[in-house]
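# Analysis of the macromolecular model
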Amino acid sequence: MIAHSADVDDRAQVAESAHIWHLAQVRERAVVGANCIIGRGAYIDAGVIVGENCKIQNNALVYAPAVLEDGVFVGPAAVFTNDAFPRAVNVDGTLKSANDWEMTGVTVRRGASIGARAVVLGGVDVGEWALVAAGAVVTKDVPAHALVAGVPAKRVAWVGASGEPLEERDGVWTEPSSGAEFIERDGRIYQG
């Protein structure tokens, strides 16, 4: 389903089961996987890859060359940037062209969630099942299962696949709803 007011380039690949809502824009060479929902006013840049079962909420801006793996959630008005040194002009004052800078994309791994109005800087990798809090500014990689918050974002907890904070007891982290167990080692958490 593609809303009449959505702008989907003919060169984009959009799965038939995807839903593209009003005023969303999906640019050339973008790929939108099965069962995805692209909210009102969202922007999917040229060449962005969106896996299956993703939800990109209203007014989110996903700039190339971002890659969203399966099951990713992007909250309302979240922004993925792609320029480490943004400038409109070159040192000599001439307007920058596409050839005057190098794009650096965001990668969001399977099942991760990005909160409303969060900003993720280009080149950052957000790990599987990680959770970025609303309004966070993510300047460095986020480990799998980490909950990060603040400006700049820092890890404040570990979360399970459900999004619930893990509880620690005797060096073992447990997801309350599933009972899944994790071990923390070297600033990362591992299931098992």
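Right above here is the structure, for reference.
What comes next concerns the included structure.

The rules behind these values
Residues numbered from 1 in each chain as written. Predicted model: local features only at pLDDT ≥ 70, side-chain atom pairs only at ≥ 80, totals over all residues. Heavy atoms only, no water. Helix = DSSP H or I, 4+ residues; strand = E, 2+ residues; numbered from the N terminus. Buried < 20%, exposed > 50% of the residue type's maximum accessible area, 1.4 Å probe, protein only. Contact = heavy atoms within 4.5 Å. Pairing = 2+ DSSP bridges. Core = buried A, V, L, I, M, F, W, Y, C linked by side-chain atoms within 4.5 Å. Phe/Tyr/Trp six-rings, centres within 6.5 Å; stacked < 30°, edge-to-face > 60°. Lys NZ or Arg CZ within 6 Å of the ring centre and 35° of its normal. Salt bridge = Lys/Arg side-chain N within 4 Å of Asp/Glu carboxyl O. Axes fitted to C-alpha atoms, helices over the stretch in contact; angles between N-to-C directions. Lys, Arg positive; Asp, Glu negative; His and termini not counted.

### A few points about the environment of A144
Structurally, A144 can be placed in the loop between β19 (137-138) and β20 (146-149). Classification of A144 as partly exposed rests on a relative accessible area of 26%. Distance from A144 to L131, taken between C-alpha atoms, is 8.8 Å for residues 13 residues apart in sequence. If near-sequence neighbours (up to four positions away) are discounted, A144 is found in contact with G127, E128, W158, R188 and I189.

### Re the sheet that holds strand β14 (residues 107-108)
Taken in spatial order, the 6 strands line up as β2-β5-β8-β11-β14-β17 in an open sheet, and their pairing is parallel. Bordering the open sheet on either side are β2 (13-14) and β17 (125-126), each of which pairs with just one other strand.

### Things to note about the nonpolar core
Among the nonpolar cores identified, the biggest contains 47 residues, and I44, I56, L68, F80, V108, I114 and V126 are the most heavily contacted of them. In this structure I44 touches Q25, V26, R27, A30, I38, V50, I56 and V62, once residues within four positions along its chain are discounted.

### Re the packing of aromatic side chains
Within the structure shown, the criterion is met by 1 aromatic pair. Between Y43 and Y63 the ring centres are 5.3 Å apart and the planes differ by 50°, which places this aromatic pair in the tilted class. Of this pair, Y43 sits in strand β7 (residues 43-44) while Y63 is found in the loop between β10 (61-62) and β11 (67-68), placing the two residues 20 residues apart along the sequence. The ring of Y190 has R185 sitting right over it, with the charged end atom 4.6 Å from the ring centre.

### A few points about the pattern of salt bridges
Overall, the coordinates contain 7 salt bridges when judged by the stated rule. E69 serves as the salt-bridge partner of R109, at 2.8 Å between the closest nitrogen and oxygen. Here R109 is found in the loop between β14 and β15 (113-114), whereas its partner E69 is found in the loop between β11 and β12 (73-74), with 40 residues between them in sequence. Overall, R109 belongs to the partly exposed group, its relative accessible area being 29%. For E69, a relative accessible area of 24% gives the class partly exposed. Of the charged contacts in the structure, one is a salt bridge between R109 and D125, with a shortest N-O distance of 2.7 Å.

### So, the pairing of β20
Alignment of strand β18 (residues 131-132) against β20, held across 2 bridges, turns out to be parallel. Bridge assignment links V132 to a residue of β20, and that residue is V148. As judged from the 4 bridges shared by β20 and strand β21 (residues 154-158), these two strands associate in the antiparallel manner. For A149, the partnering residue across the bridge sits in β21 and is K154.

### Description of the sheet that holds strand β25 (residues 188-191)
With antiparallel pairing, 4 strands are arranged side by side in an open sheet as β22-β23-β24-β25. Bordering the open sheet on either side are β22 (167-169) and β25, each of which pairs with just one other strand. Here the strands of the sheet are splayed against their neighbours by 35° on average, with no regard to which way each runs. Sheet analysis places strand β23 (residues 172-174) next to strand β24 (residues 181-185), joined by 3 bridges and oriented antiparallel. Within the sheet, the bridge partner assigned to W173 lies in β24 and is F182.

### Let's talk about the side chain of E175
Summarising the element assignment, E175 is placed in the loop between β23 and β24. No salt bridge forms around the buried E175; measuring N to O, its nearest opposite-charge neighbour R110 is 11 Å away. Excluding residues that lie within four positions of it along the chain, E175 makes contacts with G160, A161, S162, G163, E164, L166 and A180.

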